[in-house]
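Examining the three-dimensional arrangement
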Amino acid sequence: MQVKKAVFPVAGLGTRFLPATKSSPKEMLPLIDKPLVQYVVEEAVAAGIEQILFVTGRGKRAIEDHFDISFELEAMLQEKGKGEMLQEVRDIAEMVKIFYVRQKQALGLGHAILCSREFVGEEPFAVLLGDDIIDSDVPCLGQLLEVHRKYRGPVLALEKVPMETISSYGCVRTNPISERVFEVTDLVEKPKREEAPSDMAIIGRYVLTPDIFPILERQQPGKGGEIQLTDALLKLSKDEAIYGCLFEGTRHDCGDKLGFLKATVDMALKREEFNGEFAEFLKERLCDR
Ligand code: UTP
């Protein structure tokens, strides 16, 4: 079955990025000139997604406004003859069909995904987290969907990370199937370095099946007192095969201040309009140190 629906849990509190996220969603932080969430929506659309559900919370209205029509802005751009900008602004509102549901309390990623049950119905679906920005030739979600088409079951995006950072991630033990595809045999949320089953971390892209919902419904709070998707996936892995895909591309953790800075520099250097003057500026600054 083709995966056409994607869930975007955006109800988290973004504590790693305070105070910027006190009253603005972290998903709206701009990477150069586009909010983070738009990069991820574009990735989903490029991978063939037709419907998106945002699981939102308090203070996330800016996301809805961003993907809505802005009459005043469009009228002003039209009047001033700024056709290219007008088209760009319109395209954002027409990119994909978007739905919204509120997660009334930030009880964890697992709970946020449970809020998408009615939207998802009986089809496999994608989950994309707005703070992971993935720069790749083939959209990361597209790579996961390829694995899903072949093996049918849930697929998690995996990345090898330095062991000293593993305690920030969900971590997996795997059996290799091919160079980039694995069967996941164990999952631990934010393990201590010495207890981590490997250096392979779960990154914010998933293909899931509705089999996860009955498990999430009964899932007790885990690490951080939150209902963890990783814990529910561990239970699911006892009954059915779960796969991992070591995706090709560069991931930026934009939910973290340092990761966001690195992403900004990296993306800017890739843009023709900035790679001259901006690159020179960086070189000068580094030479001054
Ligand atoms: P994070 O663990 O990154 O949490 O959530 P967070 O609140 O967004 O950020 P920090 O760690 O406090 O800085 C992973 C994803 O799950 C969503 C978040 O919006 C993010 O996309 N999430 C998390 C929810 O939608 N609801 C929750 O209750 C928790």
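So, how was this worked out
- Residues numbered from 1 in each chain as written.
- Predicted model: local features only at pLDDT ≥ 70, side-chain atom pairs only at ≥ 80, totals over all residues.
- Heavy atoms only, no water.
- Near = heavy atom within 4 Å.
- Polar contact = N/O pair within 3.5 Å; in protein donor to acceptor, adjacent residues only side chain to side chain.
- Areas by Shrake-Rupley, 256 points an atom, 1.4 Å probe, with all protein chains shown as cover.
- Nonpolar A, V, L, I, M, F, W, Y, C, P; charged D, E, K, R; others polar.
- Core = buried A, V, L, I, M, F, W, Y, C linked by side-chain atoms within 4.5 Å.
- Buried < 20%, exposed > 50% of the residue type's maximum accessible area, 1.4 Å probe, protein only.
- Helix = DSSP H or I, 4+ residues; strand = E, 2+ residues; numbered from the N terminus.
- Contact = heavy atoms within 4.5 Å.
- Patch = residues over 30% accessible without salt bridge, like charges linked within 9 Å, V, L, I, M, F, W, Y side chains within 5 Å.
- Salt bridge = Lys/Arg side-chain N within 4 Å of Asp/Glu carboxyl O.
- Lys, Arg positive; Asp, Glu negative; His and termini not counted.
- Charge placed at Lys NZ, Arg CZ, Asp CG, Glu CD.
- Phe/Tyr/Trp six-rings, centres within 6.5 Å; stacked < 30°, edge-to-face > 60°.
- Lys NZ or Arg CZ within 6 Å of the ring centre and 35° of its normal.
- Axes fitted to C-alpha atoms, helices over the stretch in contact; angles between N-to-C directions.
- Parallel < 35°, antiparallel > 145°, perpendicular 65-115°, else oblique.
- Left-handed = near helix turned anticlockwise from the far one by under 90°.

So, about the site of the ligand. The environment of the ligand is made up of 18 residues, and the closest members are Thr15, Arg16, Lys26, Gln103 and Gly108. Contacts to the ligand include Pro9, whose backbone N or O atom sits 2.9 Å from an oxygen atom. Within the backbone of Gly108, one N or O atom sits 2.7 Å away from an oxygen atom of the ligand. Compared with its free state, where it exposes 570 Å², the ligand has 86% of that area covered by protein. Residue composition of the shell around the ligand, grouped by class: 9 nonpolar, 5 polar and 4 charged.

Turning our eyes to something else, we now look at the nonpolar core. Among the nonpolar cores identified, the biggest contains 48 residues, and Phe8, Leu31, Ile52, Phe54 and Leu141 are the most heavily contacted of them. For this core, the element with the most residues is helix α1 (residues 36-46), which contributes 6 residues. In contact with Phe54, other than residues within four places in its own chain, are Phe8, Val10, Val37, Val41, Ile63, Phe67, Ile98, Phe99, Tyr100 and Val101. Counting 31 residues, the second-largest nonpolar core is a separate cluster that includes Val120, Met200, Tyr206 and Leu208.

Taken together, the side chains of Glu84, Glu88, Asp91 and Glu94 make up a negatively charged region of the molecular surface. Relative to the assigned elements, Glu94 resides in helix α4 (residues 83-94). Residue Glu94 is classed as exposed on the basis of its relative accessible area, which comes to 58%.

Once that is clear, we can look at the environment of Gly170. Considering the arrangement of structural elements, one finds Gly170 in strand β9 (residues 170-176). When the C-alpha atoms of Gly170 and Leu233 are compared, they prove to be 11 Å apart, with 63 residues separating the residues in sequence.

Moving on, we come to the packing of aromatic side chains. The final tally for this structure, using the stated rule, is 8 aromatic pairs. Between the aromatic rings of Phe125 and Phe213, the centroid separation amounts to 5.5 Å while the plane-to-plane angle is 5°, which identifies the pairing as stacked. Note that Phe125 is positioned in strand β6 (residues 125-128) and Phe213 in helix α8 (residues 212-218), a separation of 88 residues in sequence. As far as burial versus exposure is concerned, Phe125 and Phe213 are alike and both buried. Geometry around Tyr39 places Lys34 over its ring, the cationic atom sitting 4.5 Å from the centre.

Let us look at the packing of helix α3 (residues 71-79) against α4. Contact geometry for α3 and α4: axes closest at 8 Å, N-to-C directions at 160°. Classified by the interaxial angle, the pair formed by α3 and α4 is roughly antiparallel. Crossing handedness for the pair α3 and α4: left-handed. Contacts between α3 and α4 involve Leu73, Glu74, Leu77 and Gln78 on the former and, on the latter, Met85, Leu86, Val89 and Arg90. Broken down by class, the residue content of the contact of α3 with α4 amounts to 5 nonpolar, 1 polar and 2 charged.

With omega at 5°, the peptide bond leading from Leu18 into Pro19 counts as cis. Tracing the chain through its elements places Pro19 in the loop between β1 (5-9) and β2 (30-31). Residue Ile32 is not a glycine yet carries a positive backbone phi of 65°. Its place among the elements puts Ile32 in the loop between β2 and β3 (34-35). Of note, the phi angle at Arg152 is positive, near 80°, even though the residue is not glycine. Tracing the backbone shows Arg152 in the loop between α7 (140-151) and β8 (155-160).

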